[in-house]
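Structural characterization, general
One letter stands for each residue in the lines below.
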Amino acid sequence: MSYFQRHIFFCLNQRDNGENSCAQHGAQAGFDHCKSRVKKLGLAGPGGVRVNKAGCLDRCAGGPVAVVYPDATWYSFVDNEDIDEIVESHLKNGQVVERLVLPANVGK
């Protein structure tokens, strides 16, 4: 068994050259909200969920993006309600939120 049941990584990359990046689309706010919700629901810690910051995940065109492992499920999100749904459905109950899944062909 893994130390954490699931990890969610949020791309927080900021590009200074004007290219599209997740940081320009509210990624930090999504990360902060997710971390708070996971903690509030008692999901954080060993055997539970770890919310992590990440650099560029190379899926900029779908930003902001987050990925849940070990499920390898990629999400794009818009607001706190999307984050709440990911936390409740996927991180807590193991059910992928299909409407927020990033299409496989979306890259940089």
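This structure is a prediction, so every number in the text was calculated from the model and none was measured. (Residues numbered from 1 in each chain as written. Predicted model: local features only at pLDDT ≥ 70, side-chain atom pairs only at ≥ 80, totals over all residues. Heavy atoms only, no water.)

1. Quick look at the pattern of salt bridges
Evaluation of the coordinates by the stated rule reveals 5 salt bridges. Here Lys-92 ties to Glu-88 by a salt bridge, and the two come within 3.4 Å at their closest N and O atoms. Of the two residues, Lys-92 and Glu-88 both sit in helix 2 (residues 80-92), 4 residues apart, roughly one turn of that helix. Three or more residues joined by partner-sharing salt bridges are found here, namely Asp-82, Glu-85 and Arg-99. (Salt bridge = Lys/Arg side-chain N within 4 Å of Asp/Glu carboxyl O. Helix = DSSP H or I, 4+ residues; strand = E, 2+ residues; numbered from the N terminus.)

2. Considerations on the side chain of Ser-89
Within the element layout of this structure, Ser-89 appears in helix 2. At a separation of 2.7 Å, a polar atom in the side chain of Ser-89 contacts the main-chain carbonyl oxygen of Gln-95. In this structure, Ser-89 is in contact with Gly-94, Gln-95, Val-96 and Val-97, ignoring residues within four places of it in sequence. (Polar contact = N/O pair within 3.5 Å; in protein donor to acceptor, adjacent residues only side chain to side chain. Contact = heavy atoms within 4.5 Å.)

3. Overview of helix 1 (residues 27-40)
The end-to-end C-alpha distance of helix 1 is 20 Å, a good match for the 20 Å that 14 residues give at a rise of 1.5 Å each. Along helix 1, the positions that sit buried rather than exposed are Ala-27, Gly-30, Phe-31, His-33, Cys-34 and Val-38. Elements that come into contact with the buried residues of helix 1 comprise strand 1 (6-11), strand 2 (49-54) and helix 2. With its phi angle positive at about 75 degrees, Gly-42 sits one or two positions after the end of helix 1. (Expected span 1.5 Å × (residues − 1). Buried < 20%, exposed > 50% of the residue type's maximum accessible area, 1.4 Å probe, protein only.)

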